[in-house]
Amino acid sequence: MPMPLRPPPIGDAKVLARYPFLPQAAEHTRGLLVENGISMDDLLSAAWLSDIRRKGDMRVKESVLHDDGIEQRSGDLSTELGRMSESLSFLYAMMVACATFDERVTARWAEGEATRADKLLGGDGVIFETIANTYLSDIQSEVMGGDTVYSIPLTDFIELCPRISGDYWRLPNRPLKDGWVEMGPSSGENSQQRLARLIKERIREDLRKRCNIRMEKIDEGFAERLSEPVGAILTILQSRATLDFDAGNATKSDWPPCMQSAIAELAMGENVNHSGRLFLAAISAALGIEQEQCASFFQGAPDFNPETTRYQIGHVYDREYTPAGCSRLKMEGRCPVSPGDDPICDRPKMKHPLSYVWWKQRNRSREEEQVDESKEETTETANP
Ligand code: SF4
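Residues numbered from 1 in each chain as written. Predicted model: local features only at pLDDT ≥ 70, side-chain atom pairs only at ≥ 80, totals over all residues. Heavy atoms only, no water.

> I keep staring at the site of the ligand and nothing clicks. Help me out?
Near the ligand, the surroundings consist of P257, C258, C326, L329, C335, P336, V337, C345, M350 and P353. Residues belonging to the shell around the ligand are distributed by class as follows: 10 nonpolar, no polar and no charged. (Near = heavy atom within 4 Å. Nonpolar A, V, L, I, M, F, W, Y, C, P; charged D, E, K, R; others polar.)

> Teacher, can you tell me more about the nonpolar core here?
What tends to happen in soluble globular proteins is that the nonpolar side chains get buried as a cluster. Judged by nonpolar contacts, the single largest core of 98 residues is most densely connected at L22 and L195. A per-element tally of this core places helix α5 (residues 80–99) first, with 12 residues. Excluding residues within four positions of it along the chain, L195 makes contact with F128, L136, I139, Y150, I152 and M183. In terms of nonpolar packing, the next biggest core, distinct from the first, is built from 6 residues, C326, I344, Y356 and W359 among them. (Core = buried A, V, L, I, M, F, W, Y, C linked by side-chain atoms within 4.5 Å. Buried < 20%, exposed > 50% of the residue type's maximum accessible area, 1.4 Å probe, protein only. Helix = DSSP H or I, 4+ residues; strand = E, 2+ residues; numbered from the N terminus. Contact = heavy atoms within 4.5 Å.)

> What's the story with helix α12 (residues 257–267) in this structure? I'm lost.
Since the α-helix packs 3.6 residues into each turn, any two residues three or four apart lie on the same face. Along α12, the residues that are buried comprise P257, C258, M259, S261, A262, I263 and L266. Within two residues after α12, G269 carries a phi angle of roughly 80 degrees, on the positive side.

> I would appreciate a short explanation of the sheet that holds strand β3 (residues 176–177) in the present structure.
By definition, the strands of a sheet pair up through backbone hydrogen bonds, in either a parallel or an antiparallel sense. Overall, antiparallel pairing links the 4 strands, which are arranged β1-β2-β4-β3 in an open sheet. Strands at the two margins of the open sheet, each flanked by one partner only, are β1 (140–144) and β3. In this sheet, strand β4 (residues 180–183) lies alongside β3 in antiparallel orientation, the contact comprising 2 bridges. Bridge pairing links K177 to W180 in β4. Along the sheet, helix α9 (residues 191–217) makes contact with β2 (147–153) and β4, crossing β2 at roughly 30 degrees. (Pairing = 2+ DSSP bridges. Axes fitted to C-alpha atoms, helices over the stretch in contact; angles between N-to-C directions.)

> Any chance you could explain helix α2 (residues 25–35) here in plain terms?
Inspection of α2 places A25, T29, L32 and L33 among the buried residues, and these make up the whole buried set. Buried residues in α2, looked at end-on, bunch into an arc of 95 degrees, giving them a common side. Facing away from the buried side of α2 by more than 90 degrees, the exposed set consists of E27, V34 and E35. The inward-facing, buried residues of α2 contact α1 (13–18), α3 (40–45) and α5. Looking one or two residues beyond α2, the residue adopting positive phi is G37, at roughly 60 degrees. (Arc of directions from axis to C-beta.)

> Just to check I follow, could you spell out the domain arrangement of the protein for this structure?
Often, the extent of an interface is quoted as the loss of accessible area on bringing the components together. The domain boundaries assigned to the protein delineate domain 1 (13–121 + 203–222), domain 2 (129–201) and domain 3 (241–358). Just the C-alpha atoms count here: the centres of domain 2 and domain 3 sit 50 Å apart. (Domains from an automatic or database assignment.)

> Sorry if this is basic, but what is going on with the environment of A223 here?
Residue placement: A223 occurs in helix α10 (residues 220–225). A residue is classified by how much of its surface remains accessible, and A223, at 5% relative accessible area, is buried. It is 8.4 Å that separates the C-alpha atoms of A223 and K351, two residues lying 128 residues apart in sequence. Excluding its chain neighbours within four sequence positions, the residues that come into contact with A223 are A99, F101, I218 and K351.

> I tried to follow the packing of aromatic side chains on my own but got confused; where do I start?
Both the distance between ring centres and the angle between the ring planes are used here to describe each pair of aromatic rings. What the rule picks out here adds up to 6 aromatic pairs. Ring centres of Y19 and F21 lie 5.9 Å apart, and the angle between their planes is 80 degrees; on these two criteria the pair is classed as edge-to-face. Exposure remark for Y19: the relative accessible area of 0% places this residue in the buried category. What makes F21 buried here is its relative accessible area of 1%. Pairing Y168 with W169 gives two aromatic rings, centres 4.8 Å apart and planes at 70 degrees, and the pair type is edge-to-face. When its relative accessible area of 3% is taken as the criterion, W169 is described as buried. Just above the ring of Y168 sits the side chain of R194; from NZ or CZ to the centre is 4.5 Å. (Phe/Tyr/Trp six-rings, centres within 6.5 Å; stacked < 30°, edge-to-face > 60°. Lys NZ or Arg CZ within 6 Å of the ring centre and 35° of its normal.)

> Before we go on, may I ask you to explain the packing of α2 against α5 in this structure?
Any two packed helices are characterised by how steeply their axes cross, that is the angle between the axes, and by the distance between the axes. For the pair α2 and α5, the least separation of the axes is 10 Å and the interaxial angle reads 105 degrees. By the angle class used here, α2 and α5 are roughly perpendicular. Facing H28, T29, L32 and L33 of α2, the residues of α5 in contact are M84, S87, L88 and L91. A per-class count over the contact of α2 with α5 returns 5 nonpolar, 3 polar and no charged. (Parallel < 35°, antiparallel > 145°, perpendicular 65-115°, else oblique.)

> Is there a simple way to think about the confidence of the model for the protein in this case?
As a note on interpretation, predicted positions should not be read in detail where pLDDT is low. Per-residue confidence for the protein averages 88 on the pLDDT scale, and 91% of its residues sit at or above 70. This stretch, residues 241–248, has a pLDDT under 50; its non-local contacts, to residues over four places away or in other chains, come to 16 contacts. (pLDDT = per-residue confidence, 0-100.)

> For this particular structure, what's the right way to read the pairing of β4?
Across a regular strand the side chains alternate sides, sitting on one face of the sheet and then on the other. Here β2 pairs with β4 via 4 bridges, running antiparallel. Residue pairing for β4: I152 is matched across the bridge by V181. Between β3 and the antiparallel strand that follows it, β4, lie 2 residues; D178 among them carries a positive phi value of about 50 degrees.

> Any chance you could explain unusual backbone geometry here in plain terms?
The phi dihedral of F101 is positive, around 50 degrees, even though this residue is not glycine. By the element assignment, F101 lies in the loop between α5 and α6 (103–122). For D178, which is not glycine, the phi dihedral falls at a positive 50 degrees. The topology assignment puts D178 in the loop between β3 and β4.

Next comes the structure, spelled out in structure tokens:
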């Protein structure tokens, strides 16, 4: 059973700010932009909105960094500014996540927002049922032993429970009556908290769908203007070895052409410009390359000085500089490829050299899987 097409109306501005991911909040956020005369351009660059952008950046960064969701507390929702900050930082965060064009980022951001929602909803005594009715086809409640116990339609439970691990979420373990599944308390959580956990699945799914739609609509120029926060997010993502991409395992053949050409030019004694050098040090740091190895890339430079190089590289590593994105490298003459040279660089949504490494690794692991499969097939044929 999909989400209800017509969610119950919510008019309370505080609720819409606390839960900015709600479908009902989209119209409210649009209204905030219009009422305050804020254009998309303003949201991306106006000085007076810098705190909102910072908060939005944190929403994405925390979701990439923490497995247990976004930690941020809501600001003061009794003030208009506090409410605006919540709603617009959510919108800005979604735009940054989508402008990475990287499904690992949008998936982790959706997970982070959904986990935050799960925690908030589990303890919300005011609007919980309305929000439950936003994401589920129906709910029922009954007071049992002094506590409210919720039940939901079998169709919703069957669709959502397979994604959650634990005996509680297996249908044979849940009381079932006339097509309603009882969500009783368990594992130290009351019925509302259990139901909030289930609703989290729908929130995540809805956010991911919205991200996919938004990614289709984002144009080059718009993504361009977000290249700085996007680069910062991708740098954090690459440095997380626990994700499906292990930067530490990136081999030389995974390095993007812009990185390889900077290394090759330096080795040949060419005078790579400042942005090329800064990029090389920053991407080496993001890929987990040892500082000593990074310093060795510069050995052939005409002005090479070991001490100065080590000092400058240390500075880049300590400050965790974000490597420049493709558009900046192109502008600064540091992108060596032309259309048709490299299929990964040709991808319409290739915006950052760190994404190149991920695509390269992904292609490699797919090729390895195919080789393994064909080996297995050969063995089976040889030993029928
Ligand atoms: S398109 Fe991007 S990743 Fe590819 S070489 Fe140019 S700058 Fe590097």
